[in-house]
Amino acid sequence: MASFRTLDDLGDVRGKRALVRVDLNVPMQDGHVTDDTRFRATLPTVTELADRGAIVLLLAHFGRPKVPGPDFSLSRVTRPYEQVLGRPVRYVDWEVDQENVAMLQPGDVAILENTRFFGGEEKNDPAVAERFARLGDFYVNDAFSAAHRAHASTEGLARLLPAYAGRAMEAELKALEAALGNPERPVAAVVGGAKVSTKLDVLRNLVAKVDYLIIGGGMANTFLAARGIDVGKSLCEHDLRDTALEILDAADRANCTVHLPYDVVVAKEFAPNPPTRIANVHEVAADEMILDVGPAAVEALADAIKTCRTLVWNGPLGAFETSPFDKATVQLAQTAAALTQSGSLVSVAGGGDTVAALNHAGVADQFTFVSTAGGAFLEWMEGKALPGVEALKR
Ligand code: ADP
Ligand code: MG
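Thresholds, definitions, all that
Residues numbered from 1 in each chain as written. Chains lettered and ligands numbered in written order. Predicted model: local features only at pLDDT ≥ 70, side-chain atom pairs only at ≥ 80, totals over all residues. Heavy atoms only, no water. Near = heavy atom within 4 Å. Polar contact = N/O pair within 3.5 Å; in protein donor to acceptor, adjacent residues only side chain to side chain. Areas by Shrake-Rupley, 256 points an atom, 1.4 Å probe, with all protein chains shown as cover. Phe/Tyr/Trp six-rings, centres within 6.5 Å; stacked < 30°, edge-to-face > 60°. Helix = DSSP H or I, 4+ residues; strand = E, 2+ residues; numbered from the N terminus. Buried < 20%, exposed > 50% of the residue type's maximum accessible area, 1.4 Å probe, protein only. Pairing = 2+ DSSP bridges. Axes fitted to C-alpha atoms, helices over the stretch in contact; angles between N-to-C directions. Salt bridge = Lys/Arg side-chain N within 4 Å of Asp/Glu carboxyl O. Core = buried A, V, L, I, M, F, W, Y, C linked by side-chain atoms within 4.5 Å. Contact = heavy atoms within 4.5 Å. Parallel < 35°, antiparallel > 145°, perpendicular 65-115°, else oblique. Left-handed = near helix turned anticlockwise from the far one by under 90°. Nonpolar A, V, L, I, M, F, W, Y, C, P; charged D, E, K, R; others polar.

Caption draft 1: Layout of the site of ligand 1. Lining the immediate surroundings of ligand 1 are 18 residues, of which A194, K199, E321, D353 and T354 lie closest. Taking I290, its main chain carries an N or O atom lying 3.1 Å from a nitrogen atom of ligand 1. For ligand 1, a nitrogen atom lies 3.5 Å from a polar atom in the backbone of G318. About the coverage of ligand 1: the protein hides 83% of its 580 Å² of free accessible area.

Caption draft 2: Inspection of the packing of aromatic side chains at higher detail. One pass over the full model with this rule turns up eight aromatic pairs. Note on W313 and F367: the rings are 6.3 Å apart at their centroids and 55 degrees apart in plane angle, and the pair reads as tilted. Of the two residues, W313 is situated in strand β15 (residues 310-314) and F367 in the loop between α12 (352-360) and β17 (369-371); the sequence distance between them amounts to 54 residues. Like W313, the residue F367 is buried in the burial classification.

Caption draft 3: Molecular detail of the sheet that holds strand β13 (residues 276-280). Ordered by their spatial adjacency, three strands build an open sheet running β13-β12-β14, and the pairing between neighbours is antiparallel. Both outer strands of the open sheet, β13 and β14 (289-293), are each paired with one neighbouring strand and no more. Averaged over all pairs of adjacent strands, the angle between their axes in this sheet comes to 40 degrees, without regard to strand direction. With five bridges connecting them, strand β12 (residues 263-267) and β13 associate as antiparallel partners. Each bridged residue has a counterpart across the sheet, and for V266 the counterpart in β13 is R277.

Caption draft 4: Seen up close, the pattern of salt bridges. Tallied over the full model, the rule gives 23 salt bridges. With its nearest N and O atoms 3.1 Å apart, the salt bridge here joins R87 to D51. Taken as a pair, R87 in the loop between α2 (75-85) and β5 (90-92) and D51 in helix α1 (residues 37-51) lie far apart in primary sequence, 36 residues in all. Assessed through its relative accessible area of 54%, D51 is described here as exposed. A salt bridge links K393 to E390; the shortest N-O distance between them is 3.0 Å. Residues joined in a network through salt bridges with shared partners are D8, E48, R52, R167, E170 and K174.

Caption draft 5: Seen up close, the nonpolar core. F144, L213 and W380 are the most contacted members of the largest nonpolar core, which has 78 residues in total. Residues in contact with L213, not counting those within four places in the same chain, are A189, V191, L203, L206, V207, C256, T257, V258 and H259. Listed in part, the 27 residues of the second largest apolar core include A18, V20, F39 and F62.

Caption draft 6: Just the pairing of strand β4 (residues 55-59), in detail. Counting buried residues in β4 gives five out of five residues, a clear majority hidden from the surface. Residue alternation in β4 divides its side chains into two sets, I55, L57 and L59 and V56 and L58, and both sets are buried. Of the pairings in the sheet, the one linking strand β1 (residues 17-21) to β4 comprises five bridges and is parallel in character. Within β4, the position partnered with R21 by the bridge is L59. Across three bridges, β4 lies against strand β6 (residues 109-112) in parallel orientation. Bridged to L58 within β6 is I111.

Caption draft 7: Main features of the packing of α1 against α2. One can describe the packing of α1 onto α2 by two numbers: an axis separation of 10 Å at closest approach and a directional angle of 65 degrees. Our classification of the angle between α1 and α2 gives roughly perpendicular. The element α1 and its partner α2 pack so that their crossing is right-handed. Residues F39, R40, T42, L43, V46 and T47 of α1 lie in contact with α2, whose contacting residues are V77, P80, Y81, V84 and L85. The residue makeup of the contact of α1 with α2, split by class, is eight nonpolar, two polar and one charged.

Caption draft 8: Molecular detail of the side chain of N205. Locating N205 in the fold gives a position in helix α7 (residues 200-207). The exposure class of N205 is buried, given its relative accessible area of 13%. Among the polar contacts listed, one links the side chain of N205 to the side chain of K209, at a separation of 3.2 Å.

Caption draft 9: Region of the structure containing the pairing of β12. Most of β12 is tucked away, with five of its five residues classed as buried. Judged by which residues are buried, β12 turns out to be covered on both faces: D263, V265 and A267 on one side and V264 and V266 on the other are all buried. Relative to β14, β12 is paired through four bridges, and the arrangement is antiparallel. Bridge pairing in β14 links V264 to V293.

Caption draft 10: Representation of unusual backbone geometry in the model. Looking along the chain, the bond that leaves R185 and enters P186 is cis, with omega of 0 degrees. Mapping P186 onto the fold places it in the loop between α6 (167-181) and β9 (187-191). Following S323, the chain continues to P324 via a peptide bond in cis, the omega torsion being 5 degrees. On the secondary structure map, P324 appears in the loop between β15 and α11 (327-341).

Following this line, the structure appears as structure tokens:
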């Protein structure tokens, strides 16, 4: 990752003010944080900077405020964050920010109020970026999950102060680079999930980059139907027939082998534990739905990824939330995890439901890297440049 400065490139930071963009946008219910994953992701950077004697000023957004108000105040998360960090954390209101920041000592950590309380934050207004920049001596971006947005705190600010990638950002960029930037070949991609329409750009980008494209989930039905297969009552976007054929064509031209399921698990109703049967894709009845990839196809997919050095995964292979349609996803995830653990595969996965599926399979911590970045991860899978990342480049 030579094109980014990291915390290793910082000299003596004692007494210097670090403006650190983090993601503190945690889900809350009745005043309690229900998932502190995002807090924990900030700890390596915040702890390191504080230990090195910097004055750590955290910049973050919280929710989608139309106007500033107490419901969107980061003062709500200051105490919960302090507990996760295990050291005192101040809260700094924008009204009195200059005085409050001037009182902070080396090693202190403070959360600045919601960046989105400035209307210009989301418009990347230079005046807002300058207002942030006046508070700090250097800038650290540790919020990959917000890097797909060109906002004042994610993009504009990086252009006004010496800018560095934080530890979580650095780990994410390294993993993504290893998966699609400059991967060891052969590379396989698994793309699943409900609909082709939400992942057109992902598919178009991947066919040009990977050796094997494994298509599963509801979106496989659209590809099967485009090839003239009757998918019965399955979730299927029939209007995307031409698009699906174009993608298959592009894959052909790029020497990318596409795997579509040839056997599938079908049911007449979409409910927990209905009567099911395993069918060849050519034998789906008019009143049946394809809800998972079949066992013979999963076996073949496992064999395919055994020949690969790199795997990138977005989207479950079946309707995994509903038993028994989790089987293909769980089995392929466990194969990928075992290959990763044995050292033969680099495996990178991301996407809201994908993370849930890997947790359900019990293997999320056995992949090389699992991204919780959501929108930013998908835009990266689409091959798009992320403004917050571009701004960190030297
Ligand atoms: P991610 O959030 O990881 O990007 P998606 O949101 O694209 O994933 O897709 C996940 C959803 O796709 C899940 O809710 C799953 O139930 C659904 N799904 C997968 N396979 C099928 C199928 N064959 N029929 C209907 N829904 C499916
Ligand atoms: Mg989803």
